[in-house]
Structures are given as C-alpha cells and as structure tokens.
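Close look at the chain arrangement
If you want the building blocks of each chain, they are given just below.
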Amino acid sequence: MKKLVVISASLFFVFACTKGKYPTKHSLWFDDQTATDFNSFGIPTVRLVIDDKQVAELETHKSFSNPECGTGNYTYETNMFKKEARTHSYEVRTLSDSIIFKGAFQMIQGKCASTQLSFAQ
C-alpha cells in the first residue's frame, strides 16, 4: 500500500510539472490619427516598456487600423498554461524618458487581444 501511495504521488508530480504551455499574443498599436499627432509633436520614435523592461523602440509614423491578431506596432508574446491569465503593465516613453501612455493589459491563454494606444482615450 505504501508503494502505491509513493508511486501515485510521483506520477502526480511528473504530470503536474510537465503541463504544456501555449503561445499567447497581445498586440499594441496606434492608428493614423495617433501617428499624425506624434508627427505634430516632433516624436519620430518611442520606447515601449512592458513590466519595467524596455522591449522595443517603435517608429511612430507606422499606423494600423484594427490589426489582425499578432500584428500591430508591437506584438508581445509569451507562453502560458491552459486557462492561465496574466496582467502586464506598459508604458510608452519618449527617447528622453517622458511617459506618453501608461496602462495595463490582460492576457488570457488561447485568446489574442490588442490595445490601441491613442491620445484621444
């Protein structure tokens, strides 16, 4: 009986530790009006910071209109367990470190989502 319990516990930990992770994406993008506003303010490039780490420099003249999943100015990708959800913070900063946009987005495994970055919001 003791061996059965030990074997059962061992199998449980083996399967629990080898749960599969699946790729999940979240796109951040700006539309033509926001690109025009950046141009008006003389801001050709911005830095994207996610969870306090700079992940990209974005050219502000590139714009999108409701981009498809996984496209946009930047797509954040991570691997997640089934039914897992995570919240990430983001900041868009000028190269001189002024914050332009700040917020958070939630990622849910199996769902692709996007966040529009806009001065109008």
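Our structure is the block above this text.
In this text, all values refer to a predicted model and were calculated from it rather than measured experimentally.

A separate point is the state of the cysteines. Applying the stated criterion to the full structure yields one disulfide. At a sulfur-sulfur separation of 1.8 Å, the disulfide partner of C69 is C112. Across the S-S bond linking C69 and C112, the dihedral sits near 105 degrees, which makes this disulfide right-handed. Of this pair, C69 sits in the loop between β3 (53-59) and β4 (74-81) while C112 is found in the loop between β6 (99-108) and β7 (113-116), placing the two residues 43 residues apart along the sequence.

Another point: the sheet that holds strand β1 (residues 21-29). Pairing in this open sheet of three strands is mixed, and the strands run β4-β1-β7 from one edge to the other. If you trace the sheet from one side to the other, it starts and ends with β4 and β7, each paired once. For this sheet, the mean angle separating the axes of adjacent strands, direction not counted, is 25 degrees. Where β1 and β7 come together, four bridges link them in parallel fashion. Its bridge partner being in β7, L28 is matched across the sheet by T115.

Core analysis: the biggest nonpolar cluster contains 18 residues, and L28, I50 and Y74 have the highest contact counts within it. Of all the secondary-structure elements, those providing two or more residues to this core are β2 (45-50), β3, β4, β5 (85-94) and β6. Beyond its immediate stretch of four places on either side in the chain, Y74 contacts H26, S27, L28, L48, I50, V55, A56 and L58.

Attention now moves to the sheet that holds β3. Hydrogen bonding along the main chain pairs the strands of a sheet, whether they run parallel or antiparallel. Sheet architecture is open: four strands sit in the order β3-β2-β5-β6, paired in antiparallel fashion. With one partner strand each, in any of the chains shown, β3 and β6 form the two edges of the open sheet. Taking the axes of each pair of neighbouring strands and ignoring which way they run, one obtains an average angle of 25 degrees across the sheet. As paired elements, β2 and β5 share five bridges and run antiparallel to each other. Looking at β5, one finds that V46 is bridged to T94.

As for its position among the elements, T115 is in strand β7. Within polar-contact distance, the side chain of T115 engages the side chain of H26 at 2.7 Å. With residues up to four places along the chain from it excluded, the contact list for T115 reads H26, S27, L28, W29, Y90 and F105.

Parameters at a glance
Per-chain numbering applies: the sequence of each chain, read as written, is numbered from 1 onward. With pLDDT at 70 or above as the cut-off, local features in this predicted model cover only qualifying residues; side-chain atom pairs require 80 or more to be listed or tallied, and sums for whole chains, interfaces and linings still use all residues. No hydrogens and no water enter the side-chain calculation; it runs on all heavy atoms of the structure. A pair of sulfur atoms, both from cysteines and within 2.5 Å, is called a disulfide here. Under the scheme used here, helices are H or I runs from DSSP no shorter than 4 residues and strands are E runs no shorter than 2 residues, and both carry numbers assigned from the N terminus. Two strands qualify as a pair provided that DSSP identifies no fewer than 2 bridges between them. To obtain each axis, a line is fitted to C-alpha atoms, and for helices this fit is confined to the stretch in contact; angles are then taken between N-to-C directions over 0 to 180 degrees. In this text, buried Ala, Val, Leu, Ile, Met, Phe, Trp, Tyr and Cys residues form a nonpolar core when linked through side-chain atoms within 4.5 Å. Note on classification: 1.4 Å probe, protein chains only; a residue is buried when its accessible area is under 20% of the maximum for its type, exposed when over 50%, partly exposed between these limits. Contact definition: two residues touch when any of their heavy atoms are within 4.5 Å. Under the rule applied, a polar contact is a pair of N or O atoms within 3.5 Å (in protein, one hydrogen donor and one hydrogen acceptor; residues adjacent in sequence only if both atoms are side-chain atoms).

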